[in-house]
Amino acid sequence: MAENQCIAGIYLDEKYKVRRRPEVEHEQAVAIYDLLEENHFEPAGGFEGPYSVHMRIEDNRIYMDVRGDDDTENLTTIPVPLSPFRRIVKDYFMICESYYDAIKKASAAQIETIDMARRGLHNEGSEQLRELLTDKVTIDENTARRLFTLICVLHIRG
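Residues numbered from 1 in each chain as written. Predicted model: local features only at pLDDT ≥ 70, side-chain atom pairs only at ≥ 80, totals over all residues. Heavy atoms only, no water.

Student: Please clarify how the side chain of R146 should be interpreted in this entry.
Tutor: Along the chain, R146 turns up in helix 4 (residues 141-155). Side-chain polar atoms of R146 contact the backbone oxygen of E38, separated by 3.1 Å. With near-sequence residues (within four places) excluded, R146 lies in contact with A31, D34, L35 and E38. (Helix = DSSP H or I, 4+ residues; strand = E, 2+ residues; numbered from the N terminus. Polar contact = N/O pair within 3.5 Å; in protein donor to acceptor, adjacent residues only side chain to side chain. Contact = heavy atoms within 4.5 Å.)

Student: Please clarify how the nonpolar core should be interpreted in this entry.
Tutor: A general trend in soluble globular proteins is that nonpolar side chains are found buried together. Ranked by size, the top nonpolar core spans 41 residues in total, and within it I10, F41, M55, M64 and L147 carry the most contacts. Beyond its immediate stretch of four places on either side in the chain, F41 contacts Q5, C6, I7, Y51, V53, M64, V66, I78, V137, T138, I139 and L147. (Core = buried A, V, L, I, M, F, W, Y, C linked by side-chain atoms within 4.5 Å. Buried < 20%, exposed > 50% of the residue type's maximum accessible area, 1.4 Å probe, protein only.)

Student: Looking at this model, I keep getting lost on the packing of helix 2 (residues 86-105) against helix 3 (residues 108-133). Mind explaining?
Tutor: Geometrically, a packed helix pair is captured by the angle between its two axes and the distance between the axes. Viewed as axis vectors pointing N to C, helix 2 and helix 3 meet at an angle of 155°, and their least axial separation amounts to 9 Å. Classified by the interaxial angle, the pair formed by helix 2 and helix 3 is roughly antiparallel. Classified by chirality, the crossing of helix 3 by helix 2 is left-handed. Here R87, I88, D91, Y92, I95, C96, S98, Y99, A102 and I103 of helix 2 come into contact with helix 3, specifically with I111, I114, D115, A117, R118, L121, H122, E124, G125 and Q128. (Axes fitted to C-alpha atoms, helices over the stretch in contact; angles between N-to-C directions. Parallel < 35°, antiparallel > 145°, perpendicular 65-115°, else oblique. Left-handed = near helix turned anticlockwise from the far one by under 90°.)

Student: What's the story with the environment of A108 in this structure? I'm lost.
Tutor: Its location among the elements puts A108 in helix 3. With 67 residues separating them in the primary sequence, A108 and F41 have C-alpha atoms 37 Å apart.

Student: Would you take a moment to explain the packing of aromatic side chains for this structure?
Tutor: Two measures describe an aromatic ring pair: the distance that separates the ring centres and the angle between the ring planes. Following the criterion strictly, the structure yields four aromatic pairs and no others. Taking the centre distance of 5.9 Å and the plane angle of 65° together, the rings of Y92 and F148 count as edge-to-face. Residue Y92 is located in helix 2, and its partner F148 is located in helix 4; the two are separated by 56 residues in the primary sequence. The pair Y92 / F148 is uniform in exposure class, with both members buried. Three or more aromatic residues link up through ring pairs in this structure, and these residues are F85, Y92 and F148. The cationic tip of R118 hangs over the ring face of Y99; the distance from NZ or CZ to the ring centre is 4.1 Å. (Phe/Tyr/Trp six-rings, centres within 6.5 Å; stacked < 30°, edge-to-face > 60°. Lys NZ or Arg CZ within 6 Å of the ring centre and 35° of its normal.)

Student: Would you explain the pairing of strand 3 (residues 51-58) in this entry?
Tutor: When a strand is regular, its side chains alternate between the sheet's two faces. In terms of burial, strand 3 is a largely internal element, six of the eight residues being buried. Here strand 1 (residues 7-12) runs beside strand 3; their pairing, made up of five bridges, is parallel. Bridging across to strand 3, Y11 finds its partner in H54. Across eight bridges, strand 3 lies against strand 4 (residues 61-68) in antiparallel orientation. Counted as the bridge partner of Y51 is G68 from strand 4. The antiparallel pairing of strand 3 with strand 4 creates a hairpin that spans two residues between the two strands, and D59 there sits at a positive phi of about 50°. (Pairing = 2+ DSSP bridges.)

Student: Before we go on, may I ask you to explain the pattern of salt bridges in this structure?
Tutor: A pair can form between side chains of opposite charge whenever their charged atoms are brought close. Summed over the entire model, instances satisfying the criterion amount to eight salt bridges. Among the ionic pairs, D65 bridges to R56, the shortest N-O distance being 3.1 Å. The network of salt bridges with common partners includes E27, D115, R118 and R119. (Salt bridge = Lys/Arg side-chain N within 4 Å of Asp/Glu carboxyl O.)

Below, the structure written as structure tokens:
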């Protein structure tokens, strides 16, 4: 794994900036922090990293604009269809709501059960993302998980 094949900066389209639950804002911040701390991101085309990635939703697709770490030149744009994520994201949002509510009033066993379901859906979404990106970019499991979190955040619109 080449040391420079990584994301050095990640930016989400703020066009649809909405007020989100504090828990969602926290998950976004943690995903970005963890992603920048450790990731593997190697776009097809033999580009030299590290990279700056700008994520946006447009025309029913997620677009990842991959730029050099100086953030000036767009090296490539990776489109990913949103339709394969619709069910997973919807179910993930529902289970997250249950999880946030459970934290306030449920037993530890109930919280653990809901959290296991939440992690299972998150794993399913990140694996779906890796499959859709197979020919476009090589990413590791943790990078896929964190990018899936950010895709979920982008889904939240006012």
